[in-house]
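Listed below, chain by chain, are the residues.
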Amino acid sequence: MTERLASGTGGPPPGAVSGDRIARLGEALASFATGVTLVMVADGRDDIGTTVSAFCPVSWSPPLVLVSLIADSYPAEVLGRVGRFAVTVLGAGQRALAGRFAVAGRPGARVLLEGTPHARGEVAGALIPDGGLAALECEVTQRLPAGDHLLVIASVLNVPYVADSGEPLVRFAGRYPALR
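Everything numeric here is computed off the predicted structure, so don't read it as measured data.

Draft legend 1. Geometry of unusual backbone geometry. Of the consecutive residues Ser 61 and Pro 62, the connecting peptide bond is found in the cis state with omega at 0°. Of note, the phi angle at Ala 173 is positive, near 55°, even though the residue is not glycine. Residue placement: Ala 173 occurs in the segment after β11 (170-171). On the basis of relative accessibility, which here comes to 39%, the residue Ala 173 falls in the partly exposed class.

Here it is, written out as structure tokens:
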């Protein structure tokens, strides 16, 4: 965001950031390596899924996690009205699966999971692919608009599985590099 300054004002208004100061923000944020997850929701009509790298634990007691979604996206719209969802922490071998759920205009989750073993979560009712590092079933406790995103804070209700071993799928600089 760039603002024009009136002559003689000396700087942007309090809280404003000039365009040249944030021009490299995308590069800076891409330099932060993050794990990759799939967020899945069953909304009664269809199964919705999206790749999310903005996921983090919030609290152990009570057990809370946070998911950040693009505010005007269909998954955010659905999570705006549906109270439960599942998160699968993806393993390094699930790069193609992450890619399928990241494409704009993608079909429903059942179509994208064809050929991938999966189950429906017993608590959230959302689809959970096998082969991840862990899966969580969650219930929304708060929805917080934050700029162009929606932050969803949720209680963890169930942990369907945790893998005994495996390498995480990591996103860094717009890619999924191997950890070595």
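What follows continues from the structure just given.
Draft legend 2. A look at the packing of aromatic side chains. Counted by the stated rule, this structure contains zero aromatic pairs. The ring of Tyr 176 carries the charged tip of Arg 171 above its face, separated from the ring centre by 5.5 Å.

Draft legend 3. Representation of the pattern of salt bridges in the model. Scanning all chains against the criterion turns up eight salt bridges. One salt bridge in this structure joins Asp 46 and Arg 110, with 3.0 Å as the shortest N-O distance. Linking Asp 46 in the loop between β2 (37-42) and β3 (47-52) with Arg 110 in helix α5 (residues 109-112), this pair joins segments that are 64 residues apart in sequence. The class for Asp 46 is partly exposed, based on a relative accessible area of 28%. Linking Asp 47 and Arg 120 is a salt bridge whose minimum nitrogen-to-oxygen distance equals 2.8 Å. Of the two residues, Asp 47 sits in strand β3 while Arg 120 sits in strand β7 (residues 118-120), which places them 73 residues apart along the sequence.

Draft legend 4. Seen up close, the environment of Ala 92. Note that Ala 92 resides in the loop between β6 (84-89) and α4 (95-100). Overall, the relative accessible area of 39% leaves Ala 92 in the partly exposed class. For the pair Ala 92 and Pro 168, spaced 76 residues apart in sequence, the C-alpha separation works out to 5.0 Å. If sequence neighbours within four positions are ignored, Ala 92 has contacts with Glu 167, Pro 168 and Leu 169.

Parameters and conventions
- Residues numbered from 1 in each chain as written.
- Predicted model: local features only at pLDDT ≥ 70, side-chain atom pairs only at ≥ 80, totals over all residues.
- Heavy atoms only, no water.
- Helix = DSSP H or I, 4+ residues; strand = E, 2+ residues; numbered from the N terminus.
- Buried < 20%, exposed > 50% of the residue type's maximum accessible area, 1.4 Å probe, protein only.
- Phe/Tyr/Trp six-rings, centres within 6.5 Å; stacked < 30°, edge-to-face > 60°.
- Lys NZ or Arg CZ within 6 Å of the ring centre and 35° of its normal.
- Salt bridge = Lys/Arg side-chain N within 4 Å of Asp/Glu carboxyl O.
- Contact = heavy atoms within 4.5 Å.

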